[in-house]
Amino acid sequence: MPDTEPLIEEADPFDIAPVRLTVDLTALAENWVELSKRSGRARTGAVVKADAYGLGIEDCGLTLYEAGARDFFVAAASEGATLRAYAPDARIFVLSGIWPGQERLFLEHDLVPVLASEEQMTHWMSLIAEVGAYPCAVQVDTGFNRLGLSFDDAMALAQDVSRPTSFDPVLLLSHLHTADAADAEATRNQLDLFQQVSSAFEGVESSLSASAGIFLGPRYHFDLTRPGIALYGGKASLAMERPLRTVATAEARIVQIRDAKAGETVSYGGTHRLLRDSRLAVASVGYADGYMRSLSGSGVPLRNGTAGGAAAAFGGYKLPVLGRITMDLTVFDATDLPSGALRTGDYVELVGPNMPLDDVAEAGGTIGYELLTGFGLRYERRYTGDEV
Ligand SMILES: *Cc1c(COP(=O)(O)O)cnc(C)c1O
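Fair warning: this is a prediction, and the values are worked out from it, not measured in the lab. (Residues numbered from 1 in each chain as written. Predicted model: local features only at pLDDT ≥ 70, side-chain atom pairs only at ≥ 80, totals over all residues. Heavy atoms only, no water.)

## Concerning the UniProt feature "active site" (unreviewed entry) in the protein
The UniProt record annotates "active site" (unreviewed entry) at K49 and Y268. With a sequence span of 220 residues, these residues are also far apart in the fold, their greatest C-alpha distance being 35.6 Å. Turning to its location among the elements, K49 is positioned in helix α3 (residues 49-53). Judged by its relative accessible area of 28%, K49 falls in the partly exposed class. Every residue in contact with K49, bar those within four places of it in the chain, is listed here: F73, V74, A75, E79 and L95. (UniProt positions renumbered as here; feature names shortened; annotations may be inferred. Helix = DSSP H or I, 4+ residues; strand = E, 2+ residues; numbered from the N terminus. Buried < 20%, exposed > 50% of the residue type's maximum accessible area, 1.4 Å probe, protein only. Contact = heavy atoms within 4.5 Å.)

## Considering the site of the ligand
Close to the ligand lie 13 residues, the nearest being K49, Y53, S211, I229 and Y369. K49 is positioned with one of its side-chain polar atoms (N or O) 2.7 Å from an oxygen atom of the ligand. The separation between an oxygen atom of the ligand and a polar side-chain atom of S211 is 2.5 Å. Residues of the shell around the ligand, tallied by class, amount to seven nonpolar, three polar and three charged. (Near = heavy atom within 4 Å. Polar contact = N/O pair within 3.5 Å; in protein donor to acceptor, adjacent residues only side chain to side chain. Nonpolar A, V, L, I, M, F, W, Y, C, P; charged D, E, K, R; others polar.)

## Re the domain arrangement of the protein
Domain annotation of the protein identifies domain 1 (39-232) and domain 2 (248-384). Placing a centre on the C-alpha atoms of domain 1 and another on those of domain 2 gives a separation of 38 Å. Each partner contributes to the interface: domain 1 provides nine residues, whereas domain 2 provides seven residues. Taken over both partners, the interface formed by domain 1 and domain 2 buries close to 800 Å², and the fraction arising from carbon and sulfur atoms is 65%. The three residues of domain 1 that bury the most area against domain 2 are Y53, L55 and I229, which together make up 54% of that side's buried surface. On inspection of domain 1 and its partner domain 2, the count reaches one salt bridge. Note that R381 is salt-bridged to D51, the shortest N-O span being 2.9 Å. Across the contact surface, domain 1 and domain 2 share three residue pairs in polar contact (both at pLDDT 80 or more). Sort the elements by how many residues they give to the side of domain 1 that touches domain 2 and α3 lands first, with three residues. (Domains from an automatic or database assignment. Buried area = accessible area lost by both parts, 1.4 Å probe. Salt bridge = Lys/Arg side-chain N within 4 Å of Asp/Glu carboxyl O.)

## Examining the packing of aromatic side chains
Following the criterion strictly, the structure yields seven aromatic pairs and no others. With a centroid separation of 6.2 Å and an interplanar angle of 35°, the aromatic rings of Y53 and Y369 are classed as tilted. Of the two residues, Y53 sits in helix α3 while Y369 sits in helix α12 (residues 368-374), which places them 316 residues apart along the sequence. With relative accessibility at 33%, the residue Y369 sits in the partly exposed group. Relative to F332, the ring of Y291 has its centre 6.3 Å away and its plane inclined at 50°; by these criteria the two rings are tilted. Taken together, the positions of Y291 in the loop between β14 (278-283) and β15 (311-314) and F332 in strand β17 (residues 330-333) put the pair 41 residues apart, joining distant regions of the chain. Accessibility classification places Y291 together with F332 in one group, the buried group. In this structure an aromatic cluster arises from ring pairing among Y53, Y232 and Y369. (Phe/Tyr/Trp six-rings, centres within 6.5 Å; stacked < 30°, edge-to-face > 60°.)

Below, the structure written as structure tokens:
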């Protein structure tokens with residue numbers, strides 16, 4: 001046999017992907033358990049909307065189910081239908097409610113709509129008149145001005161003796177708008193209004209707090225909490241000393257390393273002029289991968305004047321982004337690394353244990369939620385760890 005290298009090799013897609021995402025399911029399960037402790041006597045749910053904040057609703061949903069979650073929240077009914085296979089006897093709430101034409105989807109997958117407007121309520125009442133009792137949840141707006149029945153409409157509904165007997169709300173919920181700031185007056189007002197609605201709907205469970213609200217203490221816990229971002233390792237609140245365990249690690253592959261001279265410029269617009277002879281590492285990640293243009297090292301009009309841009313981590317070093325991030329490629333400054341330490345084909349960490357999600361988000365003028373949910377389809381995903 002000739003001992004030449006075969007021209008066509010098979011590689012694990014994860015080892016050669018331009019961008020890849022590792023999701024630590026053990027950390028996810030541990031974060032749920034920790035939030036469950038912090039939720040005191042309340043049950044702890046799990047918010048898995050937007051494909052579990054970009055990390056994959058199937059694997060994350062199953063892990064959270066096995067960790068003990070039995071109350072799940074999704075934004076869209078289609079997400080609930082997907083989740084059902086992984087959380088067979090859980091309650092799955094659909095935060096956007098139900099719209100005419102979706103009835104079969106709800107019934108088939110046993111989804112609970114969160115009714116959030118007068119219109120939806122009217123549709124719901126005529127529906128249950130036809131199909132009989134079916135569980136629903138009611139969202140009440142206590143000051144967010146986003147979704148929900150008004151306080152007055154909710155109180156009227158609670159006291160309406162003519163409402164159909166088949167009307168069967170199993171959960172009353174509201175959402176805090178400033179729970180991440182400690183003890184704001186607006187938050188106490190929302191609590192006060194929600195307590196009134198909650199007492200008016202006697203015997204119906206109540207839920208007020210998402211991740212941040214859990215850290216406001218027992219008065220905010222009611223019967224069920226609804227953490228999202230904290231499960232996935234994001235910092236939800238100033239009251240959290242630090243985020244829980246890191247769940248997501250995003251990496252990009254180095255496709256070229258090049259030397260450039262002081263005085264030359266880097267990337268579109270030539271907005272970064274090199275101050276020293278430099279070694280540049282070009283990575284296959286760009287704004288089409290959710291590595292947003294606002295994370296650029298320079299040349300982003302909206303961020304002019306502020307300190308610059310994101311960085312990637314490699315071997316204990318930080319590699320700042322140089323110039324503008326482009327659609328599929330980003331240039332990092334590898335000049336400070338020992339010669340030969342970083343090579344073509346290596347992966348640099350964009351977000352993960354060495355490059356905290358919230359720090360990167362802040363460098364781009366946004367929040368961890370947006371960065372996480374923006375990691376798109378090009379990421380090769382790997383799940384590690386056992387479900388607890
Ligand atoms: C997204 C969402 C949550 C979860 O919020 P986090 O801040 O991610 O914990 C909870 N409740 C509602 C109504 C939501 O829309």
